[in-house]
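Fold and geometry: a report
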Amino acid sequence: MRTDSEIQKDVMDEFRWEALLNASEIGVAVKHGIVTLTGSVDTYTKKLAAENAAKNVVGVKAVAENIDVKLTSYGKRNDTEIAEAVINALKWHTAVKEDKVKIKVEDGWVSLEGEVEWEFQKTAARSTVENLSGVVGITNNIKIKPQVGATDLKKKISAAYHRNATIDAEKITLDVVGGKVTLRGKVRSYAEKKDAETAAWLAPGVDKVENNLEIDTEVYAY
């Protein structure tokens, strides 16, 4: 099992490897495999990059992200300008029908609401906003309309796990009630845990994923 100091070093090295980030801006603390990130960055994109970089490190069980976004004068835009930029960005995104998404902007924080058919459309709406100048945070309240029954949903997700080279499908159990999917079992890393959750979200009609997978590297040691 990896020590907290080893994980901390690797997270910091990962930040130095990521061209978008300045490692000196971000503090890293690790306790029992849980990484806490602090500090401030000048764009929301950097905040997300730091979180994702930490999650990719072996041994990380969870990430508590407390990074603030403090815009420079160059990056600041008023809420009207941000709202207009969001609307225009959604219009050009083929995966998202802009008439299905409602937008609210308050002090640079963007809230998305509406109803779509697939999780990838909900994710696409968020990713479209993430890189826009002036955005300091996003709340994605877009809902997904159920399309298939629970039995079919379970079969589709299970089949997706067996196709995925990074997921040990035999170690994961699925419970499906309506559009809610609950994952249980053991995985080898945070990355595998996240891959399993992502694969579940890709199934049509999933509106919630409860990821109760446990990270246990010792089970897979050889």
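Let's talk about helix H5 (residues 150-163)
Over its 14 residues, H5 extends 20 Å from the first C-alpha to the last, a length consistent with the 20 Å expected when each residue adds 1.5 Å. Among the residues of H5, Leu 153, Ile 157, Ala 160 and Tyr 161 are the ones counted as buried. In a view along the axis of H5, the buried residues occupy a sector of 100 degrees, so they form one face of it. Of the residues in H5, the exposed ones pointing more than 90 degrees away from the buried face are Thr 151, Lys 155, His 162 and Arg 163.

Some remarks on the nonpolar core
Val 11, Phe 15, Val 35, Leu 37, Ile 157, Tyr 161 and Val 181 are the most contacted members of the largest nonpolar core, which has 63 residues in total. With 6 residues, the top contributor of residues to this core is helix H2 (residues 44-55). Not counting chain neighbours up to four residues away, the residues in contact with Leu 37 comprise Phe 15, Ile 26, Gly 27, Val 28, Ala 50, Glu 51, Ala 54, Val 63, Ala 64, Glu 65, Asn 66 and Ile 67.

Describing the packing of aromatic side chains
Under the counting rule described, the total for this entry stands at 1 aromatic pair. With a centroid separation of 6.1 Å and an interplanar angle of 50 degrees, the aromatic rings of Trp 118 and Phe 120 are classed as tilted. By relative accessible area, which is 28% here, Trp 118 ends up partly exposed. By relative accessible area, Phe 120 is classed as partly exposed at 41%.

Things to note about the pattern of salt bridges
Under the defined criterion, the tally for this structure stands at 14 salt bridges. Two residues, Lys 47 and Glu 65, come together in a salt bridge whose shortest N-O distance is 3.0 Å. Separated by 18 residues along the polypeptide, Lys 47 in helix H2 and Glu 65 in strand E3 (residues 62-69) bring together distant segments of the chain. Connected through salt bridges with shared partners, the residues Lys 9, Asp 13 and Arg 16 form a single ionic network.

Overview of the environment of Lys 156
You can see Lys 156 is positioned in helix H5. Judged by its relative accessible area of 43%, Lys 156 falls in the partly exposed class. Put simply, Lys 156 and Ala 199 are 43 residues apart on the chain and 9.8 Å apart in space, counted from C-alpha to C-alpha.

Quick word on the side chain of Lys 122
Considering the arrangement of structural elements, one finds Lys 122 in helix H4 (residues 119-130). Of the side chains bearing the opposite charge, Glu 119 lies closest to the buried Lys 122, which forms no salt bridge; the N-O distance is 4.8 Å. Within polar-contact distance, the side chain of Lys 122 engages the backbone oxygen of Ile 142 at 3.2 Å. Beyond its immediate stretch of four places on either side in the chain, Lys 122 contacts Val 116, Asn 140, Ile 142 and Ile 144.

Definitions and cut-offs
- Residues numbered from 1 in each chain as written.
- Predicted model: local features only at pLDDT ≥ 70, side-chain atom pairs only at ≥ 80, totals over all residues.
- Heavy atoms only, no water.
- Helix = DSSP H or I, 4+ residues; strand = E, 2+ residues; numbered from the N terminus.
- Expected span 1.5 Å × (residues − 1).
- Buried < 20%, exposed > 50% of the residue type's maximum accessible area, 1.4 Å probe, protein only.
- Arc of directions from axis to C-beta.
- Core = buried A, V, L, I, M, F, W, Y, C linked by side-chain atoms within 4.5 Å.
- Contact = heavy atoms within 4.5 Å.
- Phe/Tyr/Trp six-rings, centres within 6.5 Å; stacked < 30°, edge-to-face > 60°.
- Salt bridge = Lys/Arg side-chain N within 4 Å of Asp/Glu carboxyl O.
- Lys, Arg positive; Asp, Glu negative; His and termini not counted.
- Polar contact = N/O pair within 3.5 Å; in protein donor to acceptor, adjacent residues only side chain to side chain.

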